[in-house]
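Inside the fold
In case you want the letters, here they are:
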Amino acid sequence: MVGTGGPVATFSVWDYVVFAGTILGTAGIGLFQAIRGRKDTSSAEFLLGGRQLTAVPVAMSLTASFMSGITVLGTPAEAYRFGVAFWLFAFSYAIMSSVTAEVFVPLFYRLGITSAYEYLEMRFSRLVRLIGTSMYIAQTWSHDVSFAFCSVTGLDLWGVLVATGAVCIIYCTVGGLKAVIWTDVLQMVIMLAGFLAVIARGAVLQDGLSKIWEDANKGGRLKAFDFDPDPLKRHTFWTIVIGGSVMWTSMYSINQSQVQRYIACKTLGHAKMSLYVNMVGLWVTVSLAVFSGLTMYSIYKNCDPFTNGDVSTTDQLLPYLVMDILAIYPGVPGLFVAAAYSGTLSTVSSSINALVAVTVEDFIFPVFKNLTAKQVTWMNMSLSVFFGGVCIGMAGVASTMGNILQAALSIFGMISGPLLGLYLLGMLFRTSNPTGGLLGMLVGLVLTLWVGIGGQLYPPTNEKTNPLPLTTTGCNNTMSQNYTTTAPWTSPLTLTSPSDVRPPLADAWYSLSYLYFAPLGVLTTIASGLLISIITGGCKQKKLNSDLFVKTSDLICFSCFSSSKVRMLNLLSGNLKVYTEKTI
């Protein structure tokens, strides 16, 4: 019976058909884009689609890239365990989209860059650029990709890994960025359809959406607005809106996977619009993901599959639910797994294309300046194959881990925070120099790694994470004694946390919310970078190119004001001319 624990069905023939159809459809789009653009094999076409892309497909690609397998599987589990506070990230997405569109996009678009890290050499030095690129590569390889659906559905993990690698390598290698963009469009549609299937079936089983909402309210899952300013609490309004905004800004504004998409747009207007349309896509995505988690809670409110031992990791909760409630509809579970798989495909393909771009632009072109067009083409394709293999290998390692949503976001914050601080130091402060920029970023990185790694070794207590209660009293097949638990589900990176050996910093410094890692890195990098720059002669630098700094004319509010001012002056001058003619 649904929602009472025990084994669930595995994939049927039709599920395999739907799943295989997704793989073939994705590969087909990539091959079509390759055939369509076979006449132009230049590096600009391969890496940036010839800079002729439009806002809507780029926006859908940005959203699909965000909707990794981690998001598809991890966000519903987050809402199931901790409630709807995660939905407050919608505010963070709005702030992130506005800052990225109005501050970073005009700057990158004006400079005509291919790699986001070209800016670091223009503003600081080649050494700073290479370090920034290396940090991005390390961050990308540590970006966990979840295949948790394999163990629940009966799919072979390594078989899926090989299929993922083959498909991504094929369309990334032969189709370039255009293939990645258009396959992301298909994958986003499939992912949203997967969430809708779960919610629709859950509403039928629970006698309507209102019943799901009522169960969530009784279970304490609807308390989203916690205004406690304590920076040690995992999720509050302030940690999510302030910390989350900085973290997501660092991921969208300077992360090559995202930058490469919007600088490929044919005009600055399309580039900005892609981010605002993407913002709406993120709102829809997080809303459906969170409500899927509430649906899961409504069904399992009396029998938690994780506590009951039906699943071994929290990322398996949603696949377990799908096989529990949708197995009676042949092909529908295959649709959901295709949704989670599409998130993985999008993440891997984005990583491959971006890694090729930064490797070529930041490491190869500056050294080998006389490469022919044919050599560049073969080099791009060879690197796509290499990075595809590396990404899939890393995904295989990550799939042996448990709940990876927070771990992935923590890693992004630890690395992207200091890197974002370095960019802001260069874009906003003329005093900053290469020495201050480099040392400031290193200070910020050391600080965020210290608190981040410490937080993984000594995870915060229940008082700071606020896990909500779950029970197994309604399970038919309980593997342990029935009980209600609020035990924390710790990160897979946790090595040990015995209470008798927790150091004094464990309940203070190491308990800092993971969402504050990025703001900590940004502020530390800027403050220390400015101080070091002033000490090392930053105030005496020669005149710098004004295009390397943020301009008020880049902001839409100032440009609109300027346009209105010009129109008003033209109107007044026209009226004055008419009045003068009449007077004469």
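Residues numbered from 1 in each chain as written. Predicted model: local features only at pLDDT ≥ 70, side-chain atom pairs only at ≥ 80, totals over all residues. Heavy atoms only, no water.

Here we take up the overall build of the chain. Summing up its helical and strand segments, the chain has 21 helices and two strands in all. Across the chain, every contact between residues at least 6 apart in sequence was considered, and the portion connecting residues at least 24 apart equals 87%. (Helix = DSSP H or I, 4+ residues; strand = E, 2+ residues; numbered from the N terminus. Contact = heavy atoms within 4.5 Å.)

What follows concerns the environment of Asn545. Structurally, Asn545 can be placed in the loop between helix 20 (517–535) and helix 21 (556–583). Judged by relative accessible area, Asn545 falls into the partly exposed class, the value being 44%. Among the polar contacts made by the side chain of Asn545, one reaches the main-chain amide nitrogen of Asp547 at a distance of 3.0 Å. (Buried < 20%, exposed > 50% of the residue type's maximum accessible area, 1.4 Å probe, protein only. Polar contact = N/O pair within 3.5 Å; in protein donor to acceptor, adjacent residues only side chain to side chain.)

Glancing now at the layout of surface pockets. Of the voids in this model, the second largest pocket is the one considered here, and its volume is about 260 Å³. Phe82, Ala85, Lys223, His235 and Asn466 are the residues nearest the centre of the second largest pocket, which is lined by 17 residues in total. Grouping the amino acids of the lining of the second largest pocket by side-chain chemistry returns six nonpolar, six polar and five charged. (1 Å grid on protein atoms, 1.4 Å probe; cavity = no way out; pocket = protein on both sides within 12 Å on 5 of 7 lines; lining within 4 Å. Points joined across faces, edges and corners; volume = space filled by probe spheres on them. Nonpolar A, V, L, I, M, F, W, Y, C, P; charged D, E, K, R; others polar.)

Turning our eyes to something else, we now look at the environment of Leu205. Here Leu205 shows up in helix 9 (residues 157–205). Sequence separation between Leu205 and Ser298 is 93 residues, and the spatial gap between their C-alpha atoms is 9.8 Å. Excluding its chain neighbours within four sequence positions, the residues that come into contact with Leu205 are Val2, Ile299 and Ile325.

Another aspect to go through is the packing of helix 18 (residues 434–457) against helix 20. Remark: helix 18 packs on helix 20, axes separated minimally by 7 Å, with the N-to-C direction vectors making an angle of 150°. The angle between helix 18 and helix 20 falls in the class roughly antiparallel. The element helix 18 and its partner helix 20 pack so that their crossing is right-handed. Across the interface between the two elements, Thr435, Gly436, Gly437, Leu439, Gly440, Met441, Val443, Gly444, Leu447, Thr448, Val451 and Gly452 from helix 18 touch Phe517, Leu520, Gly521, Thr524, Thr525, Ser528, Gly529, Ile532 and Ser533 from helix 20. In terms of residue class, the contact of helix 18 with helix 20 is built from eight nonpolar, 13 polar and no charged. (Axes fitted to C-alpha atoms, helices over the stretch in contact; angles between N-to-C directions. Parallel < 35°, antiparallel > 145°, perpendicular 65-115°, else oblique. Left-handed = near helix turned anticlockwise from the far one by under 90°.)

Here we take up the pattern of salt bridges. In the structure shown here, the tally under the stated rule is 12 salt bridges. For Glu121, the salt bridge goes to Arg129, with nearest N and O atoms at 2.6 Å. Residue Glu121 is classed as partly exposed on the basis of its relative accessible area of 29%. A relative accessible area of 7% places Arg129 in the buried class. Connected through shared salt-bridge partners, Glu121, Arg126, Arg129 and Asp362 make up one network. (Salt bridge = Lys/Arg side-chain N within 4 Å of Asp/Glu carboxyl O.)

From the geometry alone we can't say anything about function, so treat these as descriptive.
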